[in-house]
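Residues per chain are reported as follows:
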Amino acid sequence: MEGLMSFQANSVRDVVSRQQSSVLVPTFSQKNSSTRVCVQPIGMVRISKLSKSFVASVQPLEASDVTPFDNTLPSKEVLDVWQNADVVCFDVDSTVCIDEGIDEFAEFCGAGKAVAEWTARAMNGSVPFEEALAARLSLINPSLSQLQDFLKRPPRLSPGIDLLVKKLKDKNKDVYLVSGGFRQMINPVASILGIPLENIFANQILFGSNGEFAGFDKNEPTSRKGGKATAVQQLRKAHGYKSLVMIGDGATDLEARMPGGADLFVCYGGVQLRNSVAAKADWLVYNLKDLINSLV
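Residues numbered from 1 in each chain as written. Predicted model: local features only at pLDDT ≥ 70, side-chain atom pairs only at ≥ 80, totals over all residues. Heavy atoms only, no water.

Participant: Explain the pattern of salt bridges to me, and be specific about the residues and the numbers.
Facilitator: This model, assessed by the stated rule, comprises 10 salt bridges. As a salt-bridge pair, Glu220 and Arg183 come within 3.3 Å of each other at their nearest N and O atoms. Placement of the pair is Glu220 in the loop between strand 8 (213–216) and helix 9 (227–239) and Arg183 in helix 8 (residues 183–193), with a sequence separation of 37 residues. Ionic pairing is found between Arg274 and Asp249, a salt bridge with its closest N-O pair at 2.9 Å. (Salt bridge = Lys/Arg side-chain N within 4 Å of Asp/Glu carboxyl O. Helix = DSSP H or I, 4+ residues; strand = E, 2+ residues; numbered from the N terminus.)

Participant: Kindly report on helix 4 (residues 112–123), identifying the contributing residues and their values.
Facilitator: Relative to the 16 Å expected for 12 residues at 1.5 Å per residue, helix 4 spans 16 Å between its end C-alpha atoms, a close match to the ideal helical length. Along helix 4, the residues classified as buried are Gly112, Val115, Trp118, Thr119, Ala122 and Met123. Down the axis of helix 4, the buried side of the element spans an arc of 130 degrees, and every buried residue falls inside it. Contacts from the buried residues of helix 4 go to helix 3 (101–109), helix 5 (129–140), helix 10 (251–254) and helix 11 (275–278). (Expected span 1.5 Å × (residues − 1). Buried < 20%, exposed > 50% of the residue type's maximum accessible area, 1.4 Å probe, protein only. Arc of directions from axis to C-beta. Contact = heavy atoms within 4.5 Å.)

Participant: Any chance you could break down the side chain of Glu220 for me, citing the residues and the numbers?
Facilitator: Accessibility expressed as a relative area gives 14% for Glu220, which makes it buried. With near-sequence residues (within four places) excluded, Glu220 lies in contact with Arg183, Ala202 and Asn203.

Participant: Give me the pairing of strand 10 (residues 264–268): which residues, what numbers.
Facilitator: Of all 5 residues in strand 10, 5 are buried, a share of seventy percent or more. Because side chains alternate across strand 10, one face comprises the buried residues Leu264, Val266 and Tyr268, and the other comprises Phe265 and Cys267, equally buried. Here strand 9 (residues 244–248) pairs with strand 10 via 4 bridges, running parallel. Bridge pairing links Val245 to Leu264 in strand 10. (Pairing = 2+ DSSP bridges.)

Participant: How would you explain unusual backbone geometry if you had to name every residue and give the values?
Facilitator: Its identity as a non-glycine residue notwithstanding, Ser94 has a phi of 65 degrees, on the positive side. For Ser94, the position within the fold is in the loop between strand 4 (87–90) and helix 3. Although it is not a glycine, Asn172 adopts a positive phi angle of roughly 65 degrees. For Asn172, a relative accessible area of 70% translates into the label exposed.

Participant: Describe the UniProt feature "active site" (unreviewed entry) in the protein chain, naming the residues involved and giving the relevant values.
Facilitator: With numbering aligned to this structure, UniProt lists the feature "active site" (unreviewed entry) at Asp91 and Asp93. Of the annotated set named above, Asp91 and Asp93 line the largest cavity. Here Asp91 is to be found in the loop between strand 4 and helix 3. Each residue touching Asp91, except ones within four places of it in the same chain, is listed here: Val96, Val178, Ser179, Lys228, Met246, Ile247, Gly248, Asp249 and Asp253. Within polar-contact distance, the side chain of Asp91 engages the side chain of Thr95 at 3.1 Å. When you line up the elements, Asp93 lands in the loop between strand 4 and helix 3. Beyond its immediate stretch of four places on either side in the chain, Asp93 contacts Asp99, Glu100, Gly101, Ile102, Gly181 and Asp249. (UniProt positions renumbered as here; feature names shortened; annotations may be inferred. 1 Å grid on protein atoms, 1.4 Å probe; cavity = no way out; pocket = protein on both sides within 12 Å on 5 of 7 lines; lining within 4 Å. Polar contact = N/O pair within 3.5 Å; in protein donor to acceptor, adjacent residues only side chain to side chain.)

Right, here's the structure in full:
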């Protein structure tokens, strides 16, 4: 597309918590939870140092306190796949990070409510993802300068994700980020966690030569319905992985659990609990410590 350019930058962003408190502690509700994490602004170069500041402990929700799912205790078969997987793929929004990046960007640009409604519909699977993505970006209509200003905020990681990724890598498992979000916001998250940038499948916002919004790259597999399934299939074919696990919270993550795709889908309900997705997961967890502790 002539005259278009894509902008990539180390993102830093901050989201104001809904609750006001003098003590910064995680809180949970029945349908979702918000966690306040104290972070310090970071520079564009030394972003990897931020990972050391994201050490937090969160008490897991009891399944009976949330909803009567019967998949919160993994079977022997599920544990075997998890412990012996060659590669683990993570969704980013509401999984690796505690926020939905596009919703926060929309709020920053003054289109928060309308975009959040589209996000909820997309994550619940009630509308095709590509339709929701196009609609949300059209509502935001961001400029390059707005994106640059937004990226001055540090990302907020889910408690325990840094430890989980480290342990997976210590076990010689490859780690990928597979997201319907945008590379501009995900690249710095990968840098914090020590994940190679080439291990990212995500969308790309495009801008014109004057910095005006010009759409998104439709060649990315994650820009359309079934995109995450396509991404993991490509991974398996390219690297010959024998066993692959997908971890996420939304319908697009569940889609990756298909023949030739993920062998196991772990639903992370510690930020957003989407009942229709959680009910179909091979394993439902509310605390990433459960995944860490089960890696023997």
